[in-house]
Each structure stands twice: as structure tokens, then as C-alpha cells.
Amino acid sequence: MMNNLDMNIIETTMKNLEANNMKPYYCETSEDALLLVKSLISKGDTIASGGSVTLKETGVEALMKSGDYNYLDRSREGITPEEVEEVFIGAFSADAYLMSTNALTVNGELYNVDGNSNRVAALLYGPKSVIIVCGYNKIVETLDEAVERVKTIAAPLNTKRLHTNSYCENVGECVSLKSDNPYMCAGCKGMGRICCNFVVSAQQRKKDRIKVIIVGEKLGY
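In this report, the structure presented in the accompanying data block is examined. (Residues numbered from 1 in each chain as written. Predicted model: local features only at pLDDT ≥ 70, side-chain atom pairs only at ≥ 80, totals over all residues. Heavy atoms only, no water.)

### As for helix 7 (residues 143-162)
- The sharpest bend along helix 7 measures roughly 45° and falls at Val150.
- All of the buried residues in helix 7 are Ala146, Val147, Arg149, Val150, Lys151, Ala154, Ala155, Pro156, Asn158 and Thr159.
- Of the surrounding elements, those touching the buried residues of helix 7 are strand 5 (103-105), strand 6 (110-114), strand 8 (139-140) and helix 8 (167-171). (Bend = angle between axes of the 7 residues up to and from the residue. Helix = DSSP H or I, 4+ residues; strand = E, 2+ residues; numbered from the N terminus. Buried < 20%, exposed > 50% of the residue type's maximum accessible area, 1.4 Å probe, protein only. Contact = heavy atoms within 4.5 Å.)

Below, the structure written as C-alpha cells:
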């Protein structure tokens, strides 16, 4: 896993993203990334997002809620479960969907794991544009490292943030790591489990629909 900023690795990752028909960008700071995101969406656009600490840290969440866009806000005050479902469905026809990624391989692949899976569903199909903001700390060498990253970092921290009362929230890592074969889909059987669907995004048919903004900062989980 990438613990220190290495521009050679970032450049290779960007080259491979481009080869996979995803549009890569690099921004040194969160401020630069915010300006770039703003340039990739237009006032009045219908936009939606996945739950993301990175979007909050970079100011993108505040931008989406600024009133300049028709933001399908899944977390607005007073929203009902039925309205949340409407937001999830409405995201498929959005002009832009914003999210982060659980991991990004040097080979130019995105690795994402979801519970409800509205986020990975929108990533795969629907919104005209998908904009991913990713701190350099999420870059890994291989898909095996991406799986490990989710089991040891992303899932435990996100379950703690979401208060799911799952094994990894309470212990700090996936229960599968105690087995002889901690394969990708292995995990607890609790109702609070957030690792239900596992998605690898490789070469895309719609060139540049997915845009990946790598930021030269450690961001999110």
C-alpha cells in the first residue's frame, strides 16, 4: 500500500487509468481538487453522491449542498427511508455522480465494496458522468492489496462511522483475517455487515465517463 507520495507511481496509475478509458487527473491539494470538481459540473445539474469522508474533507460535499445544483441529498434532515430509496433510484438519471473509491490499483482498476450497494450500482451504470476523488493513500499495487485494504482499513473505519455494530467495528479488522483463507468475500454474518457486493472496475466501454481525481494528500478511509 502507498504510504508516501510517489509521483512515479501516480503517473503510472494515471497512464493505466487512461488505458482503461477512465479520465485521470492529479491535484496537489484538496483545494485544487475542489476547483476541478467545480469545473466538471455545471450549475443546475442534477447530481448525487455516495457516502464519502473524502468528499467531506475536500469540500466537495459543501459544494454539492451550495444550492447551485439539484442535489439529490440522501442525508438531508428529516428525510424518510422511502425518500432515501427515491434518491438512490433518482441517482441513475443524474448528470453527475460523485464518490470516492475504496482502493485504486496501479494497474488502473477501481475496487469498491458496498452494503446497500447504491454507490457501486451508480458507478457501474446510469449517471452520465462519475467523478471519483481519491487521496493517494488509497493507491495499492494489486487487487489482493485492495482486498486487504478494505478488510483492515476501509471497512473497520466505515463501520465505526456508521455504527453498524459489526465484528470489524468492534475488533478493528475483518473476522476473515483470522482464518487460513481470508478470501475477498469472506466475512462476518452479522446484519450490520457492509461488505456485501464487491466490484472491480477495469476497462470501460464509455470512454471518460468515469473520471478519477487523485489528490496528493491522505484522504478518507
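After presenting the structure, the write-up continues.
### Description of the pattern of salt bridges
- In total, this model carries four salt bridges according to the counting rule given.
- As a salt-bridge pair, Lys65 and Glu61 come within 3.8 Å of each other at their nearest N and O atoms.
- Overall, Glu61 belongs to the partly exposed group, its relative accessible area being 25%.
- Note that Lys128 and Asp95 form a salt bridge whose closest N and O atoms lie 3.3 Å from each other. Highlighted residues: Lys128 in the loop between helix 6 (118-124) and strand 7 (129-135) and Asp95 in the loop between helix 5 (81-90) and strand 4 (96-99), separated in sequence by 33 residues. (Salt bridge = Lys/Arg side-chain N within 4 Å of Asp/Glu carboxyl O.)

### Considerations on the sheet that holds strand 6
- The mixed open sheet is built from four strands, whose spatial order is 8-5-6-9. Here the strands that pair on one side only, and so sit at the sheet edges, are strand 8 and strand 9 (197-201).
- By the bridge criterion, two bridges tie strand 5 to strand 8 in an arrangement that is parallel. Each bridged residue has a counterpart across the sheet, and for Thr105 the counterpart in strand 8 is Val140. (Pairing = 2+ DSSP bridges.)

### As for the side chain of Asn21
- Secondary-structure assignment places Asn21 in the loop between helix 1 (7-19) and strand 1 (23-27).
- With near-sequence residues (within four places) excluded, Asn21 lies in contact with Gln203, Gln204, Lys206, Lys207 and Asp208.

### Observations concerning the packing of aromatic side chains
- Taken as a whole and judged by the stated rule, the model has zero aromatic pairs.
- Directly above the aromatic system of Tyr25 lies the positively charged group of Lys23, at a separation of 6.0 Å from the ring centroid. (Phe/Tyr/Trp six-rings, centres within 6.5 Å; stacked < 30°, edge-to-face > 60°. Lys NZ or Arg CZ within 6 Å of the ring centre and 35° of its normal.)

### Side note on the sheet that holds strand 4
- Pairing is parallel in the open sheet, where six strands are placed in the order 1-10-7-4-2-3. Looking at which strands have only one partner, the edges of the open sheet turn out to be strand 1 and strand 3 (70-71).
- Across three bridges, the pairing between strand 2 (residues 46-49) and strand 4 is parallel. Note on strand 4: the bridge partner recorded for Ile47 is Ala96.
- Contacts between helix 1 and the sheet are confined to strand 1 and strand 10 (210-215), with strand 1 contributing the most and set at about 155° to the helix.
- Packing of helix 2 (residues 30-40) onto the sheet brings it into contact with strand 1, strand 4, strand 7 and strand 10, and relative to strand 10 it is tilted by some 165°. (Axes fitted to C-alpha atoms, helices over the stretch in contact; angles between N-to-C directions.)

### Some remarks on the pairing of strand 10
- Of all six residues making up strand 10, six are buried, and the element is well covered by its neighbours.
- Of the two faces of strand 10, the one carrying Ile210, Val212 and Ile214 and the one carrying Lys211, Ile213 and Val215 are both buried.
- Summarising the sheet, strand 1 and strand 10 pair through five bridges and their orientation is parallel. Pairing of Cys27 across the sheet is with Val215, part of strand 10.
- Relative to strand 10, strand 7 runs parallel, the two sharing six bridges. When the bridges of strand 10 are listed, Cys134 appears paired with Ile214.

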